[in-house]
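Given next are the chains, with one letter for each unit.
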Amino acid sequence: MIFQRAIRRELLNTVGAVFTTLFTIVITVMLIRILGDAAAGRIASGDVAALLGFSSLVYMPVIISLTAFISVLLVVARSYQDSEMVVWFASGLSLMRWIRPVMSVGVPLVLLTAALSLWLTPWASRLSYEYKERFRNREDISRISPGKFQESASGDRIFFVEGLSSDTRRVENVFVSQSRNDSSSVVVARVGSIILDERGAKLLELRNGRRYDGKPGTPEFQTMDFARYVIVVANSNREIADNKASRVLPTAALVREPTESNLAELLWRVSVPLMCLLQMLIAIPLAFVNPRRGRTLNLMIALVLAISYSNAVGILQASVGQGRLSFGMGWWPLHLAALMIIGMLFFWRNNTNSAWHPMVLLIALRRLLANRKSVN
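Basis of the calculations
For every chain, the first residue of the written sequence is number 1, and numbering continues from 1 along that sequence. A pLDDT threshold of at least 70 governs which residues receive local features in this predicted model, and a stricter bar of 80 or more applies before side-chain atom pairs are shown or counted, although totals over entire chains, interfaces and linings include all residues. Derived side-chain values reflect all non-hydrogen atoms in the structure, with water molecules and hydrogen atoms excluded from consideration. At every residue, the bend is computed as the angle between two fitted axes, covering the seven residues ending there and the seven beginning there respectively. Secondary structure elements are defined from DSSP: runs of H or I of at least 4 residues count as helices, runs of E of at least 2 residues count as strands, and each element is numbered from the N terminus. Angles here are taken between N-to-C directions and fall from 0 to 180 degrees, while the axes themselves are lines fitted to C-alpha atoms, restricted in helices to the stretch in contact. Here the word oblique covers every angle except those under 35 degrees (roughly parallel), over 145 (roughly antiparallel) and from 65 to 115 (roughly perpendicular). Note on contacts: a residue pair qualifies if any of its non-hydrogen atoms lie within 4.5 Å across the two residues. Amino acids are sorted into nonpolar (Ala, Val, Leu, Ile, Met, Phe, Trp, Tyr, Cys and Pro), charged (Asp, Glu, Lys and Arg) and polar (every other residue, Gly among them). When accessible area is computed with a 1.4 Å probe and restricted to protein chains, residues below 20% of their type maximum are described as buried, those above 50% as exposed, and intermediate ones as partly exposed. Each reported salt bridge corresponds to a side-chain nitrogen of Lys or Arg within 4 Å of a carboxyl oxygen of Asp or Glu.

Colleague: Just give me the short version of helix H2 (residues 48–81), but keep the residues and values in it.
Modeller: Its maximal kink placed at Met60, H2 deviates by approximately 45°, while the proline Pro61 follows within four residues. Just beyond H2, the residue with positive phi is Ser83, at close to 65°.

Colleague: Explain the packing of H2 against helix H6 (residues 260–286) to me, using residue names and the numbers behind them.
Modeller: It is the contact of H2 with H6, at a shortest axis distance of 8 Å, that shows an interaxial angle of 10°. By the angle between their directions, the pair H2 and H6 is classed as roughly parallel. Contacts between H2 and H6 involve Pro61, Val62, Ser65, Ala68, Phe69, Val72, Leu73 and Val76 from the first element and Trp268, Val272, Met275, Cys276, Gln279, Met280, Ile282, Ala283, Ile284 and Leu286 from the second. Its residues assigned to classes, the contact of H2 with H6 shows 16 nonpolar, 2 polar and no charged.

Colleague: Before we move on, could you go through unusual backbone geometry and cite the residues and values that matter?
Modeller: Residues other than glycine seldom take positive phi values, yet Ser83 does so here, at roughly 65°. Note that Ser83 resides in the loop between H2 and helix H3 (84–90). Judged by its relative accessible area of 34%, Ser83 is partly exposed. Positioned with a positive phi, Asn173 is a non-glycine residue whose angle comes to about 50°. Mapped onto the fold, Asn173 is located in strand S3 (residues 170–180). Under the relative-accessibility criterion, Asn173 is labelled partly exposed at 37%.

Colleague: Break down the pattern of salt bridges for me, citing the residues and quoting the values.
Modeller: Pairing between side chains of opposite charge can happen when their charged atoms approach one another. With the rule as written, the count across this model stands at 9 salt bridges. Between Arg228 and Glu205 there is a salt bridge, with its nearest N and O atoms 2.3 Å apart. Residue Arg228 is located in strand S6 (residues 221–234), and its partner Glu205 is located in strand S5 (residues 202–214); the two are separated by 23 residues in the primary sequence. Residues joined by salt bridges that share partners form a network here, namely Glu10, Arg78, Asp82 and Glu84.

Colleague: An account of the environment of Glu10 is needed here, citing residue identities and associated values.
Modeller: For Glu10, the position within the fold is in helix H1 (residues 2–39). Accessibility expressed as a relative area gives 21% for Glu10, which makes it partly exposed. When the C-alpha atoms of Glu10 and Val72 are compared, they prove to be 9.6 Å apart, with 62 residues separating the residues in sequence. Setting aside its immediate chain neighbours within four residues, Glu10 contacts Val75 and Arg78.

Distances and angles like these do not, on their own, reveal function.
Structure below.
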């Protein structure tokens, strides 16, 4: 009982340290990417904090899974490194006795990973998409930063304004370039304003400007001065598009609509908590360290196996998404194989004094061959 309390306490401390490290790395990378999108005008600057929170929820299941695996690996490896496991085995205790204290900390992490993977992650992905789509569907002028060229949402206009009022309704020194079929037009004006017509459409009203029309590469060219010029910025019926991507659909929707892409996404969501559980179990025998040789090599091998496990799930997900493998044959064989490998590793590390241990059998075979040679 004292041992189990000590192991749980050490595991909790290690989980906190490892999670803080991994979360800080991931959130820093996400922050840099989101700030880059905001600077490029792809998202609203006011949505940075919300999108950062949604991104952290999306990556949280993988972070927790890696945290659980690395924490168990470090704690058990430290016990080997400090020769505590020698005393443990000399006392007649089994390596299997580590499973209970590890699972007392690991099961809540597995349940949290399942809740994130099955419910919260799709919800966060959906809201993140809606935030970005809402910004794309805003009127083009309100998306513009003064002193910067900005492409319209439709992709056929380029805007530039030198000054923009605080309410984004008045602009100064406006440049608008528009392409239609094989012709193009350029409109410049000193001032402009956003107005709303009786049908609810957003209009850009320019005053005291000039328009240039022509076909690139031809001598056809026209110039027109105007006192008032109106450009339709956004129609009243523009709404946020409904995203049918599998990653933003709720888990219940994936089950109701079992398309290939939906089943592939469902396979990943189901596999994440299973990977979290099995990686913690496999970390116990994989953490074996010879105190005289150090633990770097063993930890590297364990991390490579964990990454290979995750990549194998990704390959199965791609196979299901492409229709080359059914969902029923894709989600369980890999995890069953991992469970069998865990059993073999526990047998390898837990029964070193057993007459049926592979190393004991190998030594006995060598002795038998040596005796036969000496007789001959």
